[in-house]
Structures are given as C-alpha cells and as structure tokens.
Amino acid sequence: MRREPKDAAQEETLDPKDWDALRKLAHEMLDDMLTYQQNLRSQPSSSPSRNAVNEICVPLTQEGEGEEKVYEVFQQNILPYTMPHTRPRFWGVVAGTGTPYGMLVEMLRAGMNGAQEAFLAEAHVHAQVIKWIKEMLDFPEEAGGVLVSGGSEANFTGLAVARNAKANVDMKTKGVQKLNQRMTLYCGDETHHCLERSVELLGLGNEALRWIPTDDNCRIRLDALEKAIKDDKKRNNHPFCIIGCAGTVNSGAFDDLKALAGLAKRENMWFHVDGAFGAWVKISNTHRHLADGMEDADSLAVDLHKWMCMPYSIGCTLVRDRLAHYSTFVYGHEARYLKSAFDQVEDQITNPHSLALPLSRNFTSLKAYMLLRAYGRRKYSNIIQQNIDQTNYLAEIIESDPKMEITAPVVSNIVCFRYRPKALSELELEKLNKSIYSDLNKISFWMVSDTTIKGRYMLRACNVNHRSRKQDIDFLLDEVKRTGKRIVSQTNP
Ligand SMILES: Cc1ncc(COP(=O)(O)O)c(C=O)c1O
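Residues numbered from 1 in each chain as written. Predicted model: local features only at pLDDT ≥ 70, side-chain atom pairs only at ≥ 80, totals over all residues. Heavy atoms only, no water.

**Considering the domain arrangement of the chain**
What the domain assignment lists for the chain is domain 1 (104-372) and domain 2 (379-491). Each side of the interface is counted separately: domain 1 has 29 residues, and domain 2 has 23 residues. By the criterion of area lost to domain 2, the three top residues of domain 1 are Asn-250, Ser-251 and Trp-307, representing 30% of everything that side buries. On inspection of domain 1 and its partner domain 2, the count reaches ten residue pairs in polar contact (both at pLDDT 80 or more). Split into classes, the residues belonging to the side of domain 1 that touches domain 2 amount to 15 nonpolar, ten polar and four charged. (Domains from an automatic or database assignment. Contact = heavy atoms within 4.5 Å. Buried area = accessible area lost by both parts, 1.4 Å probe. Polar contact = N/O pair within 3.5 Å; in protein donor to acceptor, adjacent residues only side chain to side chain. Nonpolar A, V, L, I, M, F, W, Y, C, P; charged D, E, K, R; others polar.)

Okay, here's the thing in structure tokens:
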C-alpha cells in the first residue's frame, strides 16, 4: 500500500524539539564528566549492586524514556560500577587511562559524526598521524600505515598482509583452499593470544602457529626458532612469518628484534612485530634500545589507547611495503556506487579504506592528531619515562623486602612478584597469592592482575597509567604486605 509522506509538522527526526533543553542537559553532562575526571583519585571502585543491575537490564519501551531520565540511569547505575582503569591505582590488564582533553576531542568527532578518512581534511589528518607515528617509532619513512581499532586488529592487519605477500598462490583470488603447502608462523610462547586468533581468522589454522619456547628472560629462544623453521622446511611446509614481541603482555619482555629481523631476511620470511604497548619505549629516554630492530620489521602493530593514553579505541598497523598492504585490502570488485568518489582520492595507496577491513570508518585519527599536536612529543616521552621509573621503584622495593620476591625479569613497565613471607611450596605460594589477589580486587578491581609464567603463579602490576604517583606505588606495596600478613595469620593462628 502506498503511503503519503507526512506533513512537515509531523515528520520524525532524532534532532531535539527543544534545543535549549538539550543544550542545558549537554552543559550538565560536560560539567559532570569534567568533575568526575577531576575527582578520579577519590572515586570509589565498586561492583554493581543488585539495584544497579535491575536498572540496567530493563525491557525496551515503545515510547522511550527521554534523554534526562536515561542520563540519570548512566550516572547512578552505570558509571559508578564501570571498570576503574582511569583511576591512579589501576595496574591490572594493559588498560589506558584516557585524558580529559581526549574526552573533548571525542565529543568533537561525535559532533561531526566523523566517518570517513579518504577525503578532504580527514585524509590529511590520517596521513599526518601515520607520519608522526612512524617518526616517533623510528619506522622507515617509505612505510605506509593505517589506524585501526586496537592491538588485536593491528596484528590481524599485519598478518593478513604477511600471508598474502608470502603465499605461493594468489590469496586474493584462490584463497587458502589452493595452498599446496602448509604456511607456518613462529612466535615466542609469551606472545599475546590475539595473534593466535588472527592466524585462525586468516584461515591458516592455529596449528600453523608454532609457539617457540622462551628463555629465562621470557624472550623467544633463537636456537629453538631456527630448529623449528628447519624442521618445517624438511616436512615441506612453508615457513613464512616470524612474529617478534616488543613488550610481552605478561612481563613486558622484548625479543631480540635485531636477531629476528636478520633471521627473517635470511629465510626470506616476513617479520611482524607486536608492539601493542611496548613499542613506545622508543620515545623514552632510557629504554629505547629495547626496541632496537623494530625498525627492520615488515609490519608493526601498536596501540594508542594503552600507553599513549588516548581514548578507546585506537591502534595502528605500519607496513614497510605499501603496495603489499594496499594489494591485500583493496576491493577485488569495484563498488560502482563509490567509484566516482574514490577515483578522486589523490593517493589510492594511502587511502585508509584500502588498508584495513572497515569501509565505514570512525574518524579516529582526529583524536590522535589533536592530542599529539596539543601535548607534543616531549610530554608523551615524559609519561612513558615516568611509568618506567615508577616500575623500577616498585621492583627495587620488592627486591629488597625479604617477604616478597620478583618472579620475572623487570624490563620495562611490568613487575611480576609474589608475597613470600617464609619458605613455602609452589602450591602454598599460589594459594596465598591467589587470596591476596582476590582481596586486592575488593579494594579496587584489578589493582593488579595475576598470571602464570613458566607454570608459576604470580601477581602482576602493569604501569601505563599517567595518573599514578609514587604514593600510589607505596599504597600498593603496603596493601600487599598488610593483606598477605593478615591472610597468613588467619591461616596459621
Ligand atoms: C602485547 C599485546 N598485544 C596485543 C594486545 C591486544 O590489543 P587490544 O586489546 O588493543 O586489542 C594486547 C592487549 O593487552 C597486548 O598487551
């Protein structure tokens, strides 16, 4: 049945009827969030009460509840119960803290509903951010790159290019179905699990990823790596990619990237580096040497929402061979409805739409652009250095305390440790430190995380927090000792 369009007075829109009322609410929201950020240090971290959950999990109404009412729900039932990673005493997973100016910049992006980075000013902003990132990370000038959603997508993007560039058949047309040799990749056993997921999604099967043992410093063992490559060749497999870590998630270890780059070159293999957070040691004053060799990578994955403190979510893949990158993602079939517009793009090989999966793109480069330009390189260097110095301080105190122990080499911004008040078996140490972990979580969720390295359970503090102060590190140390002592006295009265 054909319906007549409504009269102008009855036409629907999602713009407000009363702009003044929305303006008032907007100012309130902005003020509230600035106050929230200003007072982050004193914000409690709590788990949701039953009431909050009941308020969140409601049926969707037909008529809508109105902007003010829903904002109240956000304030009372959502915000107070969210993950406390913006607080100064959060050293759990590698979670960035964001910044107040970052919040404002996100508002600008949302205000323009920024969605494309191929045209007009957006294209220049994206290109400039890639240039700055390359400069900061000493990556070759000729390389290209694309901003993506974070470390996982950045790694996926790098490995996709590696697979297509090194496959013996044309991946774009034939796909993995036509491979006549198994393509194999190699990484240390401390590598982040998102690499395994990438390998699976690329259709190679996770058995193709060889987890090479790491040494006592949690670095990939070169002898074991060379042997694994040799063995695969003997079996008529096709070793095509070595993955190096610039900062492992468990302990912040750096592989010998120079040696890996050399080996990859000799073996005609792709060299990919996961530097999700660790790559940024490059802008520190004291630890840039850890990432030596990263500049020789064929592809590099980094995050900007972790150690660079930008609002979630933003990561970046840099690829030395621009053409290989472009050839992987460029559309096989022309989208006819886009042809005329895309034909106008000045440089197709830097067009981010042809360098990663999404077609519609968040104008994510705007936040990186405005934040980098506002604060400059030195400010970010100082933050990275400050976190490294705080980490060393934490490690030194633990090391000098007879009731605690460091459990993995402290390399950059992560300390793995345990409370060990006396000689205890591995099992007893695990039980005691698991209880400490659980009690610290009650003070503040994920103040530290826990992990296992080489079969040993341990606590882990990862510092990418620009709000942390020395007094916060002291607080952590006091709480670990106090909690440990209390648990020991309760179990052995
Ligand atoms: C070393 C490393 N690689 C990759 C990732 C995945 O990054 P993202 O969480 O941004 O997807 C992480 C996350 O913590 C990481 O630490």
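**A word on the layout of surface pockets**
Roughly 710 Å³ of volume is contained in the largest pocket. Taken together, 26 residues make up the lining of the largest pocket; nearest its centre are Met-33, Gln-37, Phe-74, Met-103 and Glu-106. For the lining of the largest pocket, the element with the most residues is helix H1 (residues 19-38), which contributes six residues. Residues of the lining of the largest pocket, tallied by class, amount to 15 nonpolar, nine polar and two charged. Its volume calculated, the second largest pocket comes out at about 590 Å³. Lining the second largest pocket are 29 residues, with Ala-123, His-124, Ala-127, Asp-347 and Thr-350 positioned closest to its centre. Counting only elements with at least two residues in the lining of the second largest pocket, the list comes to helix H5 (120-136), strand S1 (144-148) and helix H10 (322-329). (1 Å grid on protein atoms, 1.4 Å probe; cavity = no way out; pocket = protein on both sides within 12 Å on 5 of 7 lines; lining within 4 Å. Points joined across faces, edges and corners; volume = space filled by probe spheres on them. Helix = DSSP H or I, 4+ residues; strand = E, 2+ residues; numbered from the N terminus.)

**A few points about the sheet that holds strand S10 (residues 449-453)**
As summarised here, the arrangement of the four strands in space is S8-S9-S11-S10, forming an open sheet in which the pairing is antiparallel. Either end of the sheet is taken by a strand with one partner, and the two such strands are strand S8 (404-406) and S10. The average angle at which neighbouring strand axes cross in this sheet is 45 degrees, direction not considered. Pairing between S10 and strand S11 (residues 456-462): five bridges, direction antiparallel. Bridging from a neighbouring strand, Thr-451 pairs with Met-458 of S11. Helix H13 (residues 426-443) contacts S8, strand S9 (414-419), S10 and S11 of the sheet and is inclined by roughly 35 degrees relative to S11. (Pairing = 2+ DSSP bridges. Axes fitted to C-alpha atoms, helices over the stretch in contact; angles between N-to-C directions.)

**Looking at empty space enclosed by the protein**
Over the atoms a probe the size of a water molecule is rolled, and this reveals where empty space is left. Taken as a whole, this structure holds one cavity of 30 Å³ or more when the rule is applied. Approximately 40 Å³ is the volume attributed to the largest cavity. Around the largest cavity, the lining residues are Trp-91, Gln-390, Thr-391, Leu-394, Val-415, Ala-461, Cys-462, Asn-463 and Ile-473. Among the elements of the structure, helix H12 (365-400) and S11 are those that each provide at least two residues to the lining of the largest cavity. With three residues, the top contributor of residues to the lining of the largest cavity is H12. By residue class, the composition of the lining of the largest cavity is six nonpolar, three polar and no charged.

**A closer look at the environment of Ala-297**
If you trace the backbone, Ala-297 turns up in the loop between strand S5 (270-274) and strand S6 (299-303). The exposure class assigned to Ala-297 is buried, which follows from its relative accessible area of 0%. Along the backbone, Ala-297 and Arg-320 are 23 residues apart, and their C-alpha atoms lie at a distance of 7.5 Å. Not counting chain neighbours up to four residues away, the residues in contact with Ala-297 comprise Phe-139, Phe-271, Val-273 and Arg-320. (Buried < 20%, exposed > 50% of the residue type's maximum accessible area, 1.4 Å probe, protein only.)

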